[in-house]
Amino acid sequence: MSDLPVEAFLAGYPAERQRAAYKLRDLVRRAVPDAIERVRPGWRLIGYDVPVGRRTAYFAFIAPEVEHVHLGFEYGFAIDDPNGILRGESLRKVRFVTIVSGDEVSTPALESLAKEAANLARIGRAERTARILDGPR
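Values in this document were obtained by computation on a predicted structure and should not be read as measured data.

Thresholds applied
What you see as residue numbers is a count from 1 along each chain, following the sequence as written. At least 70 in pLDDT is required for a residue's local features to be given in this predicted model, at least 80 for side-chain atom pairs to be given and counted, and no such filter applies to totals for whole chains, interfaces and linings, which use all residues. Water and hydrogen atoms were dropped before computing side-chain values, which therefore reflect all heavy atoms in the structure. Each helix is a run of H or I in the DSSP string that is no shorter than four residues. Each strand is a run of E no shorter than two, and both are numbered from the N terminus. For this measure, only C-alpha atoms enter the radius of gyration; the expected value for a globule follows 2.2 Å times N^0.38, where N is the number of residues. Buried means the residue's accessible area, taken with a 1.4 Å probe over protein chains only, is under 20% of the maximum for its type, while exposed means over 50%, and partly exposed covers the values in between. Any two residues having at least one pair of non-hydrogen atoms within 4.5 Å are treated as being in contact. Where accessible areas are quoted, they stem from the Shrake-Rupley method and a 1.4 Å probe; at the residue level, only the protein chains shown are allowed to cover. Positive charges come from Lys and Arg, negative ones from Asp and Glu, while His and the chain ends are left out of the count. Just so you know, the charge point we use is NZ for Lys, CZ for Arg, CG for Asp and CD for Glu. Geometry of aromatic contacts follows a simple scheme: Phe, Tyr and Trp rings, the Trp one being its six-membered ring, pair when their centres are within 6.5 Å, and the pair is stacked under 30 degrees between planes, edge-to-face over 60, tilted otherwise.

Asks: Go over the overall build of the chain with me, naming the residues and quoting the values.
Replies: The secondary structure content of the chain amounts to four helices and five strands. Counting helices and strands in the order they occur from the N terminus, the chain gives α-α-β-β-β-β-β-α-α. A globule of 137 residues ought to have a C-alpha radius of gyration of about 14 Å, and the chain, at 15 Å, matches this closely. A total of 137 residues make up the chain; the buried ones form 47% of that total. Residue pairs at least 24 apart in sequence account for 50% of intrachain contacts in the chain once pairs closer than 6 positions are excluded. When the accessible surface of the chain is totalled, it reaches about 7400 Å², and 53% of it is carbon and sulfur. Here the chain holds 21 positive side-chain charges and 19 negative ones, and the gap between their average locations is 5 Å.

This is the structure we're talking about:
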């Protein structure tokens, strides 16, 4: 587990990407107040887990890059996305939204995606699969 502070991790990115990442952090915390945040330097991202009984389950990440920042969801393939904003269809499970400016962050749609991602992480694989097979909600 990394003890690297988020501020130190983000320091190497352009100021506009840092602002976007901080706004995304606030959004995830607002949407999922019990989320556990930690920097995962090997993956070059800020990861989020939710408590599930005596363990935790990974559900989301903020991945800054020089030109943009991704807000991603581990079980994004199973998230209902009525606004069609998730990308990454070629990936097996993960889906993400790409943010260029911090001004793009404050949307209810992003909060809704984060909440659903956390809920999907909390349920078991069998229930997650059943939800997918049942089709869109």
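Asks: Tell me about the packing of aromatic side chains, residues and numbers included.
Replies: Enumeration according to the criterion identifies three aromatic pairs in this entry. Ring geometry for Tyr48 against Phe59: centres 6.4 Å apart, planes inclined by 55°, an arrangement best described as tilted. Here Phe59 lies in strand E3 (residues 55-64) and Tyr48 lies in strand E2 (residues 45-52), a separation of eleven residues in the sequence. With a relative accessible area of 1%, Tyr48 lands in the buried category.

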